[in-house]
Amino acid sequence: MAEDKLTKDESVYIFDKTMKCPVCDRTFTTKQVRTGKARFLGTDEVLRPSYTGVDVTKYDVVMCPHCGYAALNRTYGHITPKQIQAVKRDIADRYTAILKEEPVYSYDMAIRRCKMAMLTAMVIKQKVSENAYLCLKLAWIYRGAIDEMKTLKDNETKIKKYQLSQHEYLVDAYNGFAKALETEYPPICNIDEMTLNYLMTSLAVECGEYDDALKYAFAIIGSRSAASGLKEKARVLADQIKAKRNEGIK
């Protein structure tokens, strides 16, 4: 009953959008969040957005159900002829999945769609930052799934499994963004420099890399361009990191 209510409540925030796949040239519908319908509440320490009534992270990926080509909303269709051939060869020719039609996307469906976007990114040789961003997105979806399972009092074994997956993708995101910063300059994936430093601080903590976490936090605290609110959040995080690092030394 609780799950049915969640589905009913969420459905008012989404609509079906018709799109054409640039790989197989077939049309399909994908579920999108209505602009301005849900109220933005803020983000958590790894920038996962929170809105009233709907988890928008479940709807970030567009996927063609006919051939399997998938990408984030902002990059879907931005694909070269050479990349199209690679998707046809390595994904479309092998794609046989049958997706169950759902009134809203479940978290498990959203996870599968995001993983298809990650496969597409790998096949078309997307930039390392885009791969890292997809890992971050997938971690956000796992976090939402965990929250829902706790609300529905799901089994502890599945929750622990999803918590492990969330951690693994946050680590992958951290390593990917760290590598991207060696060759790319902010904004990266539409994330400005100071916000990216805050994200890297939080991801470094997740990885247990406390020295690197402090480095990113101090970059914010010492910046003249960083907003005062972000600086304060960085100071709080830096104090927490120092305490954790000291605990590890004892």
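Predicted, not measured: the structure shown is a model, and the values here were computed from it.

Draft legend 1. Inspection of the pattern of salt bridges at higher detail. On inspection of all chains with the given rule, the structure shows 12 salt bridges. Here Lys58 and Glu10 are joined by a salt bridge, their closest N and O atoms 2.9 Å apart. You can see Lys58 sitting in the loop between strand S4 (49–51) and strand S5 (61–63) and its partner Glu10 sitting in helix H1 (residues 2–11), a full 48 residues away along the chain. Relative accessible area serves as the criterion here: at 4%, Lys58 is assigned to the buried category. Measuring nitrogen to oxygen at the nearest pair gives 2.9 Å for the salt bridge that ties Arg143 to Glu45. Here Arg143 is found in helix H4 (residues 128–151), whereas its partner Glu45 is found in the loop between strand S3 (40–43) and S4, with 98 residues between them in sequence. Bridged by salt links that share partners, the residues Asp44, Glu45 and Arg143 form one connected network.

Draft legend 2. Expanded view of helix H7 (residues 210–221). Compared with an ideal rise of 1.5 Å per residue, which puts 12 residues at 16 Å, H7 spans 16 Å between its outermost C-alpha atoms and is within 8% of the ideal. Every buried residue of H7 is accounted for by Ala213, Leu214, Tyr216, Ala217 and Ile220. Within H7, the buried residues cover an arc of 165 degrees as seen down the axis, which keeps them to one side.

Draft legend 3. Up close: the packing of helix H5 (residues 156–180) against helix H6 (residues 193–207). Two elements in contact, H5 and H6, have axes whose closest approach is 9 Å; the angle formed by their N-to-C orientations is 130 degrees. One element, H5, and the other, H6, form an angle in the oblique class. Regarding H5 and H6, the two cross each other, and that crossing is left-handed. Contacts from His167, Leu170, Val171, Ala173, Tyr174, Phe177 and Ala178 of H5 reach H6 at Leu196, Leu199, Met200, Leu203, Ala204, Glu206 and Cys207. Taken together, the residues of the contact of H5 with H6 sort by class into 12 nonpolar, 1 polar and 1 charged.

What counts as what
Residue numbering note: each chain is counted from 1, following its sequence as written. Note on the predicted model: pLDDT of at least 70 is required for a residue's local features to be given, and 80 or more for side-chain atom pairs to be given and counted; whole-chain, interface and lining totals, by contrast, use all residues. Heavy atoms from the whole structure form the basis of all side-chain values; hydrogens and water molecules are not counted. Only one rule defines a salt bridge in this text: a Lys or Arg side-chain nitrogen within 4 Å of an Asp or Glu carboxyl oxygen. Counting from the N terminus, the helices are DSSP H or I runs at least four residues long and the strands are E runs at least two residues long. Three labels apply to residues, based on accessible area from a 1.4 Å probe with only protein chains included: buried if under 20% of the type maximum, exposed if over 50%, partly exposed otherwise in between. Take the number of residues in a helix, subtract one, and multiply by 1.5 Å to get its expected span. By construction, the arc corresponds to the directions joining the helix axis to the C-beta atoms. For helices, the fitted axis covers only the stretch in contact; all axes are lines through C-alpha atoms, and the angles between them, taken along N-to-C directions, range from 0 to 180 degrees. For classification, angles of less than 35 degrees are called roughly parallel, those exceeding 145 degrees roughly antiparallel, those between 65 and 115 degrees roughly perpendicular, and all remaining angles oblique. For any helix crossing, the convention is left-handed if the near helix is rotated counterclockwise from the far helix by under a right angle, and right-handed if that rotation is clockwise. Any pair of residues with heavy atoms lying within 4.5 Å of one another is described as a contacting pair. Each residue is assigned to one class: nonpolar for Ala, Val, Leu, Ile, Met, Phe, Trp, Tyr, Cys and Pro, charged for Asp, Glu, Lys and Arg, and polar for all the others, Gly among them.

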